[in-house]
Amino acid sequence: MFIYLSKKIAIPNSIRLKCVSWNKDQGFIACGGEEGLLKVLKLETQTDDAKLKGLAAPSNLSMNQTLEGHSGAVQVVTWNEQYQKLTTSDQNGLIIVWMLYKGSWYEEMINNRNKSVVRSMSWNADGQKICIVYEDGAVIVGSVDGNRIWGKELKGIQLAHVAWSPDSKVLLFGMANGEIHIYDNQGNFIVKMTISCLINVTGAISIAGIHWYPGTEGYIEPDCPCLAVIFDNGRGQIMRYENDENPVLLDTQMNVASIQWNHYGSVLAVAGCQKNISLDKEVNTVQFYTPFGEHLRTLKVPGKQMTAVSWEGGGLRIGLAVDSFIYFANIRPDYKWGYCSNTVVYAYTRPDRLEYSVVFWDTKNNEKFVKYVKSLMSITTCGDFCILATKADDNQPQALLVSAPGFLPDIEREREKLKGYQNAMKKGPVSSSVGQGTSNGKEDAEPESGNATYVLVLCNSIGTPLDSKYIDIDPLFVTMTKTHVIAASKEAFYTWQYRVAKKLTALEINQVAKTRKEGRERVYHIDDTPTGTTDGTFDFAKAFAFTDFQPLISKATRDPICCITATDKTLIVGRESGLIQRYSLPNVGLLQKYTLNYRAYQLSLNCNSSRLAIIDIAGVLTFLDLESRSSSGDGLAGEQATAAAGDPSKFERKDVWDMKWANDNPDLFAMMEKTRMYVFRNLDPEEPIQTSGYICNFEDLEIKSVLLDEIMKDPERPNKDYLINFEIRSLRDSRALIEKVGIEDASQFIEDNPHPRLWRLLAEAALQKLDLKTAEQAFVRCKDYQGIEFVKRLGNLQSESMKQAEVVAYFGRFEEAERMYLDMDRRDLAISLRMKLGDWFRVLQLLKTGSGDADDALLEQAYNAIGDYFADRQKWVNAVQYYLQGRNQERLAECYYMLEDYDGLERLANSLPENHKLLPDIGQMFVTVGMCEQAVNAYLKCSQPKAAVEACVHLNQWNKAVELAKDHNMKEIGPLLAKYASHLLEKNKRLEAVELYRKAHHFLDAARLMFKIADEEAKKRTRPLRVKKLYVLAALLVENYHEQMKTSQQSKAKGKKSEATSALAGLLEEDASSTDNRIVDNAWRGAEAYHFFLLAQRQLYDGNVDSAMKTALHLRDYEDIIPAVEIYSLLAICSSANRAFGTCSRAFIKLESLESLSPEQRQSYEDLALEIFTKYPPKDNRKSELDSISEGVDGKLPTCIVTGRIISEYQFWMCSTCKHCAMEQDISRHNFCPLCHSTLT
């Protein structure tokens, strides 16, 4: 950061100021002083000029109100920004709360204890509560509306300061003796704060200031120190929270009067006075520190005594109360930013995120891409790329760059590389200086451990990570060229030759291959002397494995690095002693050392690496010639050239905070001095430009500058108005000469001040006037081959108006050029122009409006191009209309598919001729959406039956696949089916396998598998209804098999034999081919068994015990399917319920004789039988119907599947599917067959 005094306001009557406070939101400045002085001021910047935004704008006092009310010296002023209130207090203890009404401040509330003086007041973070502390130990906490919340008298204590915690749960009370006590928000004492910074300090001390940053704008790092406590002797500590045992310690070596954080919590200002030993007097000084105790800047302020400091809301200005004056200083922050490939990259913090938000703002298209980066240290840019330097998170490497796909594998690879090195380093830690150290160089803070690694992430201009490197040196300073990234800590620097995927010339490929062999990563200690060969260098990738690498970066140096810069062939490293070391690139060798009598802060090399610009720590810009400057091209001798170019040793500019060399001229640079930009040619300045922008780029005599201060006010919505282009004087003068004097004089001026941009300007002006000779010469001078070709093409045209139209088109005035072509009746040229521009809507319009028939081919091209326009934007409905007119069947198919208009796609397929190249693609489209029939038709139409079969297989339409395979004599379907079935069976998907066989018409295989499933389910003995369903399905598959065999024989007979004969032949073939007669012949046995088993139990529970017993008697035939113990148990229950104890007795006899029973079970049956048959004799009341007429004339009589009774009548109903019978009066009450569940006909 850079700071300089910018303004001074005098207080009338030379009244000395005691305090000053700047309202962060509305910009009001309150200052209090002796004799009851209280003023509210406001600095307003009013300008319509975009270039004069921010600090560059003239600022005037828009408010200067004196507030009457205090009689004694005003000692405390504090703002409540949320409620626009000002609270003030004087030496008499009078407190006044002021409010803003119609642009002026008025008293709202007054309070006076009349006992003691107010020492400090503080509003909490949300502006709801105020805490007031009195010198005598009284504490009052009140609300914003003036009500007292609580009060307390702290006996025997003199209070001096108060501060709220960010969450308003803790209050800190600073005592007059330097102690700090921690209380809760109800006034209960918790603990005394540990003051580490006062160890070994003697004498009376007092607290100069306590400020706790509330985190309203986020934190620059997770777990960042935010509570600053500074004492009047210059000692202080910055803590993460009130009980922090490891605070950052400071020794400012000054007498401190006041402190304050800026609005981001990133800079702490410490104001007071410092003794100047040489002048033997005290000098007013403001020191600036980071939250980690690093000293940033020192500002010397004139006057006798400084009493207060206060930051402006944006952190760009600071107000200082000195004697009877308010001094204002402007601050140029060190933003984390860069510029690459028309993209401004900048980072900011948000209160709702721990990470930095890194914005890649494409200024050309006004698009932005946001990435979230944890522990970002710096942003460095060059060409089309940028480097993000970050701290690595050992616990969460993936949290480093949140929105970064494809980035993590590189991170992991780099971490693996480091493991060997980490192991080698266990002997001693690497010294790391980021966030450590103090202003006076004392080692108050502990160094970080050797495990603290850092990451360099290479990104393109939209934030996509391209490569990354883990390094173990702290990248405090990073610079990059088009081929190298150089990162430096205080002791060592690391070079990485990065690669990006792009087309290289043969020469570049050889160069890259050569350097790759020598190692793409190296580390050098600053005290080493590399020669440019392999000695003294380390391949970073290999060096981790050797302990020799460890001393390279852990050994300290007495003269640390303070800045670096590089070009493609030179690396410059600046050291704190003023030593400048110059190295060669890409092979790093120490070429020369230069000694300066000041410490460099920022270095910059010009485009040919001949001159080095140095901005020192005080903001003084000087130059150093690295190469002796030879004679220039205008014929002057070497000495004269040096004189013409100015003597760099005598050049000096003060208050410089930014500078940029031109990319295309080694003698041209721009610099920022306070709020002015100067452009220098040969060290001679042009007239300054008022601006406060940061310089992005200087090329083609134009400076691109960005108003980062304005962007940071609303970083989520960057505005193109904040990007400003400045033309330098020679460009402005040349343009003025061309416009006012003429091309000849301008040509002479440009000859004297040559630059490609000026020649191009002249060429364009000559083209406008059709001075082709001058235009060609100018294009030659600026090496514009396309321009030369254009001029030659113009020379071949005969018509002046045609030449004029071509020039107009060359300058991009296409509407005017088209009008000129049409006026010449050259519609073809107008159409050609629009086609080159890709404006197909206008091409179509021109084709339709012209007289005569339009070219059909051109019309189709236009329709298709407009169709492409809509398709690219996914407006498929519009695209279809134009593709139809353009007869573009390929894109039409794609549109139908995207619209899910499969009818349209089918119509398109039907309209195409056979074997059209588009049909396979359409077939594939149908396959992806599961439309088998349409896919098959498309494949068959283009003679691809194999693809059709594959589609059927893919969509599980195996019957269709088998049918197609047979029709086209394809043999591979059988093995494919078997393979797929075995795959399903391996995964235990047996029902899917059954479905597969069924769809493929392999009914017997399906039935066999189904019977197996049913048998296994039956063994579980849990769900008989499910078992019956499985047996029914298996039997139905067998019926399908019978039908298939019969049909196949009929088709073979082709009408030569009778139907009965062919059916018989089918059965004979079926019998011959069947290997499992149980399945084929007795397909329904399992279903029958479980049907009667369920029916008997249903009848029993319905109370129809006779029918239940008769049904249960049928189960005796199915002992091979249902266990005998269950059959005879059921029969015993039914017969006993029916009081047929003879049948019951026979059932018990059968049960007792079963070998499968255990002795305990058999004994139970015997005991139960004894109990029953001692009461009832074992004989039936009536003869069983089943025993009397179970045998008919022609053998066994059928059984009714509805009731379980024997059918003795001649007329009965038979199911067409399962061929089972039922009484007609019984089945009439049913809609489905009770056994197979087929619909009754």
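What counts and how
Residues numbered from 1 in each chain as written. Predicted model: local features only at pLDDT ≥ 70, side-chain atom pairs only at ≥ 80, totals over all residues. Heavy atoms only, no water. Helix = DSSP H or I, 4+ residues; strand = E, 2+ residues; numbered from the N terminus. Buried < 20%, exposed > 50% of the residue type's maximum accessible area, 1.4 Å probe, protein only. Contact = heavy atoms within 4.5 Å. Axes fitted to C-alpha atoms, helices over the stretch in contact; angles between N-to-C directions. Parallel < 35°, antiparallel > 145°, perpendicular 65-115°, else oblique. Left-handed = near helix turned anticlockwise from the far one by under 90°. Nonpolar A, V, L, I, M, F, W, Y, C, P; charged D, E, K, R; others polar. Salt bridge = Lys/Arg side-chain N within 4 Å of Asp/Glu carboxyl O. Disulfide = S-S within 2.5 Å. pLDDT = per-residue confidence, 0-100. Pairing = 2+ DSSP bridges. Phe/Tyr/Trp six-rings, centres within 6.5 Å; stacked < 30°, edge-to-face > 60°.

(A) The arrangement of the side chain of Thr 1143 in detail. Looking at where Thr 1143 falls in the secondary structure, it is placed in helix 33 (residues 1141-1152). Residue class for Thr 1143 comes out buried when judged on its relative accessible area of 5%. Beyond its immediate sequence surroundings of up to four residues, Thr 1143 is in contact with Leu 1113, Leu 1131, Ser 1135 and Asp 1180.

(B) A look at the packing of helix 10 (residues 772-781) against helix 11 (residues 785-795). Remark: helix 10 packs on helix 11, axes separated minimally by 8 Å, with the N-to-C direction vectors making an angle of 160°. One way to sum up the angle between helix 10 and helix 11 is to call them roughly antiparallel. As for the relative orientation of helix 10 and helix 11, their crossing is left-handed in sense. Here Leu 772, Ala 775, Glu 776, Phe 779 and Val 780 of helix 10 come into contact with helix 11, specifically with Gly 787, Ile 788, Val 791, Lys 792, Leu 794 and Gly 795. Looking at side-chain class alone, the contact of helix 10 with helix 11 contains seven nonpolar, two polar and two charged residues.

(C) Region of interest: the pattern of salt bridges. One pass over the full model with this rule turns up 48 salt bridges. Across the pair Glu 355 and Arg 353 runs a salt bridge, and its minimum N-O distance is 3.0 Å. Two residues, Asp 839 and Arg 834, come together in a salt bridge whose shortest N-O distance is 3.2 Å. Taking relative accessible area as the criterion, Asp 839 reaches 25% and is therefore assigned partly exposed. Because the salt bridges share partners, they merge into one network encompassing Glu 815, Glu 818, Arg 834, Asp 839 and Arg 842.

(D) Here's a closer look at the state of the cysteines. The final tally for this structure, using the stated rule, is zero disulfides. Counting only cysteine sulfurs, Cys 19 is the nearest neighbor of Cys 31, a cysteine outside any disulfide, at a range of 7.9 Å. A disulfide-free cysteine, Cys 562 has its sulfur positioned 3.8 Å from the sulfur of Cys 563, the nearest such atom. Relative accessible area serves as the criterion here: at 7%, Cys 562 is assigned to the buried category.

(E) Focus on the confidence of the model for the chain. Mean pLDDT over the chain: 83, with 85% of residues reaching 70 or higher. Note on residues 631-645: pLDDT is under 50 here. Beyond four places in sequence and across chains, it has 15 contacts. Segment residues 1188-1194: pLDDT under 50, and 10 contacts once partners within four positions in sequence are set aside and those in other chains are kept.

(F) Seen up close, the pairing of strand 14 (residues 159-164). Where burial is concerned, most of strand 14 is hidden: six out of the six residues are buried. Across five bridges, the pairing between strand 14 and strand 15 (residues 170-175) is antiparallel. Counterpart to Leu 159 in the pairing with strand 15 is Met 175. In this structure, the hairpin formed by strand 14 and strand 15 is closed by a connection of five residues, where Ser 168 is found at a positive phi of approximately 60°.

(G) Inspection of the sheet that holds strand 23 (residues 268-276) at higher detail. Taking strand neighbours across the sheet as the criterion, the four strands line up as 22-23-24-25 in an open arrangement whose pairing is antiparallel. If you trace the sheet from one side to the other, it starts and ends with strand 22 (255-261) and strand 25 (295-301), each paired once. Geometrically, the sheet is characterised by an average inter-axis angle of 25° between neighbouring strands, direction not taken into account. Alignment of strand 22 against strand 23, held across six bridges, turns out to be antiparallel. Within strand 23, the position partnered with Val 256 by the bridge is Gly 272.

(H) Region of the structure containing the pairing of strand 7 (residues 85-90). The buried fraction of strand 7 amounts to six of the six residues, a majority that puts the element mostly inside the structure. By the alternation rule, side chains of strand 7 split into Lys 85, Thr 87 and Ser 89 and Leu 86, Thr 88 and Asp 90, which are all buried. Where strand 6 (residues 74-80) hands over to strand 7, the hairpin turn is made up of four residues, of which Gln 84 adopts a positive phi near 50°. Of the pairings in the sheet, the one linking strand 7 to strand 8 (residues 94-101) comprises five bridges and is antiparallel in character. Note that in strand 8 the partner of Thr 87 across the bridge is Val 97. The turn linking strand 7 back onto strand 8 is made up of three residues, and Gly 93 within it adopts a positive phi angle of 90°.

(I) Focus on unusual backbone geometry. Here the bond from Leu 585 into Pro 586 is cis, since omega is 5°, no more than 30 degrees from zero. The phi angle at Gln 84 is positive, at roughly 50°, despite the residue not being glycine. You can see Gln 84 is positioned in the loop between strand 6 and strand 7. For Gln 84, a relative accessible area of 30% translates into the label partly exposed. A positive phi angle is found at Leu 683, which is not glycine, with a value near 65°. Among the secondary structure elements, Leu 683 is positioned in the loop between strand 50 (676-681) and strand 51 (684-685).

(J) Representation of the packing of aromatic side chains within the structure. Summed over all chains, the structure comprises 39 aromatic pairs. Taking the centre distance of 6.3 Å and the plane angle of 85° together, the rings of Phe 651 and Phe 669 count as edge-to-face. Within this pair, whereas Phe 651 is found in the loop between helix 5 (638-644) and strand 48 (656-661), its partner Phe 669 is found in strand 49 (residues 668-673), the two being separated by 18 residues in sequence. Exposure remark for Phe 651: the relative accessible area of 10% places this residue in the buried category. Consider the rings of Tyr 863 and Tyr 882, whose centres lie 6.3 Å apart with planes at 40°: the pair is tilted.

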